[in-house]
Amino acid sequence: MLLCGSVWLTGCAKGMLPASSDPGTLSSWNSEAVSADSSEEPAPVPDVSDVSGVSDAQTSVEPEPLSSQAAESAVSSRQESSSSAVQPVLSQPVQEEASSQTPVSSAVSREVSVTIPEGYTFMQIASLLEQKGVCSAEAFYRTCQSYTPKSFTISTSADRCFRMEGYLFPDTYLFYKNDDPQNVLIKMLNNYHAKAGNLSEDTLILASIIEREARSDEHMKLVSSVFRNRLNNAAEFPYLDADPTRDYVNQFITGNPLVASPEKYAALYNTCGKRKGLPAGPICCPGLRAINAAKNPTPSNYYYFFYGKDAQNHYSETLEEHEEQIRQYGVG
């Protein structure tokens, strides 16, 4: 939790990690984080009934390069409860050229399961892939910065620090050791498009902040309401003052050897007195609950909230009420 100007807002920083003590090496990025199981129903799968040989319920929509490995690989959908069976999502037939990287022979490659929790950042995911032996974090970063999806649009703005931040859908995937980074990326994009649907960029950015601020469905929707109220009253509340945006800069941009201009992105992402309105891009990859909360906030007149020492979120309409509750409950 931190003080942004005169407004206290809590950043639960779910999944946030301490900044690396050795920013010069990618291996120093730790990818451990707390995940929250999704309780929202998945978005409907887009209609791709014109694709022969694959049912609507199983088809992903971003054309995926097909190799001897990728033909057998499937992504397992995370279920709403731990007791639910995992159903694989099959890959589409070839519709674009595979990347130039040649996969290792089937004799030495093997499948590896990779679970991406809700709220993981791009760098946490890239580091996790490297730890699992799927591909290097740097190779995945280079691929993500240059790849252009064919089935939906992702911003190419130079203001975006990590182009695919927000689009690497949280789920459990099957990859191969020493896999092609483009195959890995396409599988995640297919899953995002099938489950999240066609979101506006602003909705995705807001969902990523909500994912870092709250854990339960109830509080996600209330936090969404606070931020939407501020965005709709920009004259009085020009800054969101969302702690997770500041944490994102400090922990995943500053000192990152892959980022050439950290000062530039600090001003574009930190909503605590630097960036007005929403940050330039998502600050993590949100799950369906946070996405639903961003689209469907609980109606309220709240403009402030904080997490108290009583382990509860407290919401206020006025600064005076907000400060009184802080005195009463303390900041957790």
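Residues numbered from 1 in each chain as written. Predicted model: local features only at pLDDT ≥ 70, side-chain atom pairs only at ≥ 80, totals over all residues. Heavy atoms only, no water.

### Description of the overall build of the chain
Here comes step 1: The helix and strand inventory of the chain stands at nine helices and eight strands.
Here comes step 2: Taking all 332 residues of the chain together, 55% fall into the buried category.
Here comes step 3: Long-range pairs, those at least 24 residues apart, make up 72% of the contacts in the chain with a sequence separation of at least 6. (Helix = DSSP H or I, 4+ residues; strand = E, 2+ residues; numbered from the N terminus. Buried < 20%, exposed > 50% of the residue type's maximum accessible area, 1.4 Å probe, protein only. Contact = heavy atoms within 4.5 Å.)

### Looking at the confidence of the model for the chain
Parts of the prediction with low pLDDT should not have their coordinates interpreted in detail.
Here comes step 1: Averaged over every residue, the pLDDT of the chain is 77; residues scoring 70 or more account for 67%.
Here comes step 2: Confidence drops under a pLDDT of 50 for residues 65–98, and excluding neighbours within four residues, the segment shows 96 contacts in the predicted structure. (pLDDT = per-residue confidence, 0-100.)

### Some remarks on the packing of aromatic side chains
Here comes step 1: Under the counting rule described, the total for this entry stands at 16 aromatic pairs.
Here comes step 2: Seen from their ring centres, Tyr173 and Phe175 are 5.5 Å apart, and the 10 degrees between their planes marks the pair as stacked.
Here comes step 3: Residue classification places Phe175 among the buried positions, given a relative accessible area of 1%.
Here comes step 4: On the basis of an interplanar angle of 45 degrees and a centroid distance of 6.0 Å, the ring pair of Tyr248 and Phe252 is categorised as tilted. Pair noted here: Tyr248 and Phe252 are both in helix 6 (residues 243–253), with a separation of four residues, about one helical turn. (Phe/Tyr/Trp six-rings, centres within 6.5 Å; stacked < 30°, edge-to-face > 60°.)

### So, the side chain of Gln124
Here comes step 1: Take Gln124: it is sitting in helix 1 (residues 122–131).
Here comes step 2: One polar contact links Gln124 to Arg212, side chain to side chain, over a distance of 3.3 Å. (Polar contact = N/O pair within 3.5 Å; in protein donor to acceptor, adjacent residues only side chain to side chain.)

### Digging into the nonpolar core
Here comes step 1: Counting 70 residues, the largest nonpolar core has Leu129, Phe140, Met188 and Tyr269 as the members making the most contacts within it.
Here comes step 2: The biggest single contributor to this core is helix 3 (residues 181–196), with seven residues. (Core = buried A, V, L, I, M, F, W, Y, C linked by side-chain atoms within 4.5 Å.)

### Side note on the packing of helix 2 (residues 137–146) against helix 3
Here comes step 1: The N-to-C vectors of helix 2 and helix 3 enclose an angle of 60 degrees; their axes lie 9 Å apart at closest approach. As far as their axial angle goes, helix 3 and helix 2 are oblique. Considering the relative orientation of helix 2 and helix 3, their crossing is right-handed. For the pair formed by helix 2 and helix 3, the contact residues are Ala139, Phe140, Thr143 and Cys144 on the first element and Pro181, Gln182, Val184, Leu185 and Met188 on the second.
Here comes step 2: Here the contact of helix 2 with helix 3 is composed, by residue class, of seven nonpolar, two polar and no charged. (Axes fitted to C-alpha atoms, helices over the stretch in contact; angles between N-to-C directions. Parallel < 35°, antiparallel > 145°, perpendicular 65-115°, else oblique. Left-handed = near helix turned anticlockwise from the far one by under 90°. Nonpolar A, V, L, I, M, F, W, Y, C, P; charged D, E, K, R; others polar.)

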